Structures are given as structure tokens and as C-alpha cells.
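Listed below, chain by chain, are the residues.
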Amino acid sequence: MIVKTIVAGFGGQGVLMMGYTLAHGAMSAGYNITYLPAYGAEVRGGTANCTVAVSTEEIASPIASEPDHLVVLNAPSLATFQNRVAPGGSIFLNSSIISLEPSRHDVRIFKVPSSEMAEALGNLRAANTVMMGAFLKVTALVPPETYLASIVEVMGGKKKAIVELNRKAFQAGYDYL
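This write-up is about the structure you can find in this document.

### What about the side chain of Asn 128?
Next up, step 1: Its place among the elements puts Asn 128 in helix α4 (residues 127–139).
Next up, step 2: Look at Asn 128 and you get buried, because its relative accessible area is 8%.
Next up, step 3: Of the polar contacts made by the side chain of Asn 128, one reaches the backbone oxygen of Gly 14; its length is 3.4 Å.
Next up, step 4: Every residue in contact with Asn 128, bar those within four places of it in the chain, is listed here: Gln 13, Gly 14, Met 17 and Met 18.

### Points about the pairing of strand β4 (residues 69–72)
Next up, step 1: Both faces of β4 are covered, namely the face carrying His 69 and Val 71 and the face carrying Leu 70 and Val 72.
Next up, step 2: Bridge count between strand β1 (residues 2–10) and β4: four bridges; the pairing is parallel. Pairing of Ile 6 across the sheet is with Leu 70, part of β4.
Next up, step 3: In terms of handedness, the path from β4 via helix α2 (residues 75–81) over to strand β5 (residues 90–94) forms a crossover that is right-handed.

### Here we look at the packing of α4 against helix α6 (residues 160–176)
Next up, step 1: It is the contact of α4 with α6, at a shortest axis distance of 6 Å, that shows an interaxial angle of 45°. Taken as axis vectors, α4 and α6 run oblique relative to one another. You can see that α4 and α6 cross each other, and the crossing is right-handed. Where α4 approaches α6, its residues Thr 129, Val 130, Met 132, Gly 133, Ala 134, Leu 136 and Lys 137 are matched on the opposing element by Asn 166, Ala 169, Phe 170, Gly 173 and Tyr 174.
Next up, step 2: Its residues assigned to classes, the contact of α4 with α6 comprises seven nonpolar, four polar and one charged.

### Points about unusual backbone geometry
Next up, step 1: Residues other than glycine seldom take positive phi values, yet Ala 140 does so here, at roughly 55°.
Next up, step 2: Residue position: Ala 140 is located in the loop between α4 and α5 (144–154).
Next up, step 3: Ala 140 sits in the exposed class, given a relative accessible area of 58%.

### Regarding α5
Next up, step 1: Taken together, the buried positions of α5 are Tyr 147, Leu 148, Ser 150 and Ile 151. Seen from one end, α5 has its buried residues packed into an arc of 155°, which puts them on one side. For α5, the exposed residues set more than 90 degrees away from the buried face come down to Glu 145 and Glu 153.
Next up, step 2: The inward-facing, buried residues of α5 abut α1 (15–28), α4 and α6.
Next up, step 3: Two residues or fewer after α5 comes Gly 156, characterised by a positive phi angle close to 70°.

### Remarks on the pattern of salt bridges
Next up, step 1: Within this structure, the stated rule accounts for three salt bridges.
Next up, step 2: Close ionic contact of Glu 101 with Lys 111 constitutes a salt bridge, the shortest N to O distance being 2.5 Å. With Glu 101 in the loop between β5 and β6 (108–112) and Lys 111 in strand β6, the pair connects residues that are 10 residues apart, well separated along the chain.
Next up, step 3: Since its relative accessible area comes to 35%, Lys 111 is described here as partly exposed.

Definitions and limits used
- Residues numbered from 1 in each chain as written.
- Predicted model: local features only at pLDDT ≥ 70, side-chain atom pairs only at ≥ 80, totals over all residues.
- Heavy atoms only, no water.
- Helix = DSSP H or I, 4+ residues; strand = E, 2+ residues; numbered from the N terminus.
- Buried < 20%, exposed > 50% of the residue type's maximum accessible area, 1.4 Å probe, protein only.
- Polar contact = N/O pair within 3.5 Å; in protein donor to acceptor, adjacent residues only side chain to side chain.
- Contact = heavy atoms within 4.5 Å.
- Pairing = 2+ DSSP bridges.
- Right-handed = clockwise from strand over helix to strand, strands pointing away.
- Axes fitted to C-alpha atoms, helices over the stretch in contact; angles between N-to-C directions.
- Parallel < 35°, antiparallel > 145°, perpendicular 65-115°, else oblique.
- Left-handed = near helix turned anticlockwise from the far one by under 90°.
- Nonpolar A, V, L, I, M, F, W, Y, C, P; charged D, E, K, R; others polar.
- Arc of directions from axis to C-beta.
- Salt bridge = Lys/Arg side-chain N within 4 Å of Asp/Glu carboxyl O.

Distances and angles like these do not, on their own, reveal function.
Here you go:
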């Protein structure tokens, strides 16, 4: 089994953190992984994306010319990456920000109002974790507790309030779908 995912959005939305924590969680679950980040020169406010490959076997290339999944947090990323998704794949989009309808009819579309849900939790910056909850509910790539443990480890066990916010945000996204 090999599953490739592209996560994309603006710099500052936590796109690279989403990919990194997904890769870390998958590695913790015993999978082989690759993580390939890419971002524009301006970083915050510019484009950012990453590719994560999760596999039971060695991974020959981290490039995902036809990813199984696309997670997009803004409309420009949807326009840029939607045509790369393999037929039968999935697109997860932040419907709080993206009003465009994907042009693809051969993929599953999951609309998650992750920014609105994060605001309801008290911190817009948790929108990425809301989206990861929904993504992992559908894909089951990484068990929820393994992913949440990876968030704590990646963040270095920072403030308890941040860890708790991320736990609530993840659960909100997980319960949404």
C-alpha cells in the first residue's frame, strides 16, 4: 500500500505543519514515509504545499504526480492542484474560505468549514488541525491517538492550553465527517 497526499494553502495556515505531523504520525504507526515541503519565497501569505507519502513498503519517490488525496485550505491551491488528484481520489477543502466548486467529478469531495470551526473553538490557527481530524476520519491513515501524540511530540509538549486546543480541534474535525 502507498498513499500520497498533497496539502496546500497559504503560508501561515499551518500547511507544512499538517504534512509534518501527518508524516510523523504515520511513522509512529510503523509506516514508511516521505515528506516533501515547498513554499514561496515570501512564506507567510505566499503559497505553501507539501507532499506526504505513506507506505507499507519502501518509497521510491516522494513526488506525487497523481496523489490519492488533496487537502486544500484556499481557493488558489484548489485551482492549482485539483487536476493532479488520481481518479477516484479525494479532495478535502476548507469551505469557510473556498467558495469555488471543484471542477472534478471523478473524485470524492469533502467540504469542511475548518476556519469557522476553529473560530468557534477560540483560535483560527487551529483550522489546520480541524481539517486533519476530518481527513484522518475518512482516510484512516493514522489512528487518532497516534496523530494526537505526534502533535504533542512535534510541538515539544508546549503549553498545555495549546495541546488541549489542538485535541479539541482535531476531535471537532473528526466528528464533523
